[in-house]
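Descriptive analysis of the structure
The primary structure of each chain is shown beneath.
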Amino acid sequence: MLSQRIAQQTLRRLALQNPAARFVAPAALASRNALVNQRRLAATTSSMQENQPNTEILAKQRLARPVSPHLSIYRPQITWYGSIINRITGSLMSGTFYLFGAAYLAAPVFGWHLETATIAAAFASWPVILQFLTKVVFGWQFTYHTFNGVRHLMWDTASGITNKAVNQTGWFVMGLSTVSAVALALL
Amino acid sequence: MASSTLLPVLRSALAARTLTTPAFSAPSTLLRQSPLFLQRSAFQTSAKRAILPPLSQSIKGTVNDAATVPEAEYTHGSYHWTMERLVSAALVPMTVAPFAAGSLNPVLDGAFIGFIIIHSYIGFQSCITDYFPKWRVPKWRKALDWMNFLAVGLVGWGWYEFETNDVGLTEGVRRIWKAGSQVDKVVA
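For clarity, every value in this text was computed on a predicted model and none was experimentally measured.

**Description of the overall build of chain A**
For chain A, the count of helices and strands is 7 helices and 0 strands. Here the C-alpha radius of gyration of chain A, 36 Å, is well above what a compact globule of 187 residues would show, namely 16 Å. Taking the principal axes of the C-alpha coordinates as reference, chain A spans close to 110 × 50 × 35 Å. Burial analysis of chain A (187 residues in total) assigns 25% to the buried set. For chain A, restricting intrachain contacts to residue pairs at least 6 apart in sequence, the fraction spanning at least 24 positions comes to 54%. By element, 66% of the accessible surface of chain A is carried by carbon and sulfur atoms, the whole surface being about 13,300 Å². If you average the places of the 15 positive and of the 4 negative side-chain charges in chain A, the two averages end up 29 Å apart.

This is the structure:
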């Protein structure tokens, strides 16, 4: 009885030291194979450090490796085409806006005339078809970016985020922006 | 040991074999004559066109270092995201209203210009972050970030002058848009 009690207490103490001891058969604990606490008496050193010479050849060799084609082979899809067109239209419009703002400040220095009256008169003197095409192109930047922006905001409400919905809304936005750009140009 | 002497012998024998009897002699002469001189070897047929080639790689620290987790900054995280969406959403009615209503209000026009500038700043920030990573072009990144920031002030000033001295953004766009059809009605 006493020996059993002593054994039990020993096991409990072992279990406290090493919680895994609770799940090992007591007989196994008695042997020296279960739950051996590893004590590393020598520290391991890493052989992959920056300043060691054996990595230089490897680094140089990596530079000579060929690059798998990525942008040149990715299949055109409405997802990423739509996304980059959104970025391009936004950048073009903002770029024009920024350039005009800065140019308007610099105009007196260089003798430019950037008043609306001058620009409107110059634009009116263009051939009509060129006026129409310019309006379609600029209008399309605006309408596509606006409608795709609304699509982005729709996604932010976590709606229409399935593959099918993304494809459908993407093409819908393309069509709608073209139609509205032409409509605006005809105003 | 026998195996240790056998291996170098085998290796030199193989080397001798490839030197005296090259397996791909015919394609190599064709290589020099063919226009595809960019071929690196007989097996590769497409030209080497490295878009964004790999840079010189270096190991920072040791391979046992844990990945660094950046400090959480709400102004560059979720608050930025929220502001971006709020500004974008606000721009939609602000664009349509003045053209639809046909009225001219400099305060509304000025607010519209301000929102466009904020929206453009956020948009350009995304482009700069995407195409000029710090690990590749740190100086360009810093320069562009600062130019983006200073452009807000410069462009804001320029459009303020335009708003003051001229008719404003919405009225200007309307006049230029309708310039062709109203040649005699263009007012100075």
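**Topic: the confidence of the model for chain B**
All names here are of chain B. Averaged over every residue, the pLDDT of chain B is 79; residues scoring 70 or more account for 67%. Put simply, helix α2 (residues 25-33) is where chain B has its lowest mean pLDDT, 47, and helix α5 (residues 138-165) is where it has its highest, 97. Segment residues 15-38: pLDDT under 50, and 7 contacts once partners within four positions in sequence are set aside and those in other chains are kept. Model confidence for the complex: the whole-complex pTM is 0.71, and ipTM, which rates the interface, is 0.70.

**Here's the deal with the environment of B:Leu104**
Mapped onto the secondary structure, B:Leu104 falls in the loop between α3 (78-101) and α4 (106-131). Separated by 64 residues in the primary sequence, B:Leu104 and B:Gly168 place their C-alpha atoms 8.7 Å from one another.

**Things to note about the packing of helix α4 (residues 78-110) of chain A against α4(B)**
Following both chains from N to C, one finds α4(A) and α4(B) inclined at 125°, their axes separated by 10 Å at the closest point. As the angle between them shows, α4(A) and α4(B) are arranged oblique. The chirality of how α4(A) crosses α4(B) is left-handed. Each of A:Ile84, A:Arg87, A:Ser91, A:Ser94, A:Gly95, A:Phe97 and A:Tyr98 in α4(A) lies in contact with α4(B), whose residues at this interface are B:Ile113, B:Ile116, B:Ile117, B:Ser120, B:Tyr121, B:Phe124, B:Ser126, B:Cys127, B:Asp130 and B:Tyr131. Of the residues contributing to the contact of α4(A) with α4(B), the split by class is 10 nonpolar, 5 polar and 2 charged.

**Overview of the UniProt feature "transmembrane region" (unreviewed entry) in chain A**
The feature "transmembrane region" (unreviewed entry), as given by UniProt, occupies residues 120-144 of chain A in the numbering adopted here. Span residues 120-144 of chain A is 88% helix and 0% strand, its end C-alpha atoms 25 Å apart.

**Re the side chain of A:Ser177**
Its location among the elements puts A:Ser177 in helix α7 (residues 163-185). Beyond its immediate chain neighbours, meaning those up to four positions away, A:Ser177 contacts A:Trp140, A:Thr143, A:Tyr144 and A:Phe147.

**Concerning the pattern of salt bridges**
All told, the structure shown has 6 salt bridges over all chains when counted by the stated rule. Between B:Glu84 and B:Arg85 there is a salt bridge whose closest N-O contact spans 3.6 Å. Shared partners join several salt bridges into a network, and the residues in it are A:Asp156, B:Glu84 and B:Arg85.

**Brief notes about the packing of aromatic side chains**
Under the defined criterion, the tally for this structure stands at 14 aromatic pairs over all chains. Judged by centre distance (5.8 Å) and plane angle (85°), the ring pair of B:Trp146 and B:Phe149 falls under edge-to-face. Pair noted here: B:Trp146 and B:Phe149 are both in helix α5, with a separation of 3 residues, about one helical turn. Taken together through their ring pairs, the aromatic side chains of A:Phe97, A:Phe100, A:Tyr104, B:Trp159 and B:Phe162 make up a single cluster.

**Section: the interface of chain A and chain B**
Note: interface size is frequently given as the accessible area lost on complex formation between the parts. Between chain A and chain B, the contact holds 43 residues from the first and 57 residues from the second. At the surface where chain A touches chain B, the tally comes to 2 salt bridges. A salt bridge links B:Asp130 to A:Arg87; the shortest N-O distance between them is 2.6 Å. Our enumeration of links across chain A and chain B arrives at 8 residue pairs in polar contact (both at pLDDT 80 or more). If you list the elements that add at least two residues to the side of chain A that touches chain B, you get α3 (56-63), α4, α5 (116-124), α6 (128-156) and α7 of chain A.

**A word on a nonpolar patch on the surface**
On the surface, A:Ile84, A:Ile88, A:Leu92 and B:Tyr131 cluster together into a nonpolar patch covering about 350 Å² of accessible area. Considering each element in turn, the nonpolar patch owes the most residues, 3 residues, to α4(A). One can find A:Ile88 in helix α4. Using a relative accessible area of 44% as the deciding quantity, one classes A:Ile88 as partly exposed.

**Remarks on the packing of α6(A) against α3(B)**
Following both chains from N to C, one finds α6(A) and α3(B) inclined at 135°, their axes separated by 11 Å at the closest point. Comparing the axis directions of α6(A) and α3(B) gives the class oblique. As for the relative orientation of α6(A) and α3(B), their crossing is left-handed in sense. Where α6(A) abuts α3(B), its residues A:Phe142, A:Val150, A:Leu153 and A:Asp156 lie against B:Trp81, B:Arg85, B:Ser88, B:Ala89, B:Val92 and B:Thr95. Looking at the contact of α6(A) with α3(B), its residues break down into 6 nonpolar, 2 polar and 2 charged.

What counts and how
Residues numbered from 1 in each chain as written. Chains lettered and ligands numbered in written order. Predicted model: local features only at pLDDT ≥ 70, side-chain atom pairs only at ≥ 80, totals over all residues. Heavy atoms only, no water. Helix = DSSP H or I, 4+ residues; strand = E, 2+ residues; numbered from the N terminus. Rg over C-alpha atoms; globule rule 2.2 N^0.38 Å. Buried < 20%, exposed > 50% of the residue type's maximum accessible area, 1.4 Å probe, protein only. Contact = heavy atoms within 4.5 Å. Areas by Shrake-Rupley, 256 points an atom, 1.4 Å probe, with all protein chains shown as cover. Lys, Arg positive; Asp, Glu negative; His and termini not counted. Charge placed at Lys NZ, Arg CZ, Asp CG, Glu CD. pLDDT = per-residue confidence, 0-100. Axes fitted to C-alpha atoms, helices over the stretch in contact; angles between N-to-C directions. Parallel < 35°, antiparallel > 145°, perpendicular 65-115°, else oblique. Left-handed = near helix turned anticlockwise from the far one by under 90°. Nonpolar A, V, L, I, M, F, W, Y, C, P; charged D, E, K, R; others polar. UniProt positions renumbered as here; feature names shortened; annotations may be inferred. Salt bridge = Lys/Arg side-chain N within 4 Å of Asp/Glu carboxyl O. Phe/Tyr/Trp six-rings, centres within 6.5 Å; stacked < 30°, edge-to-face > 60°. Polar contact = N/O pair within 3.5 Å; in protein donor to acceptor, adjacent residues only side chain to side chain. Patch = residues over 30% accessible without salt bridge, like charges linked within 9 Å, V, L, I, M, F, W, Y side chains within 5 Å.

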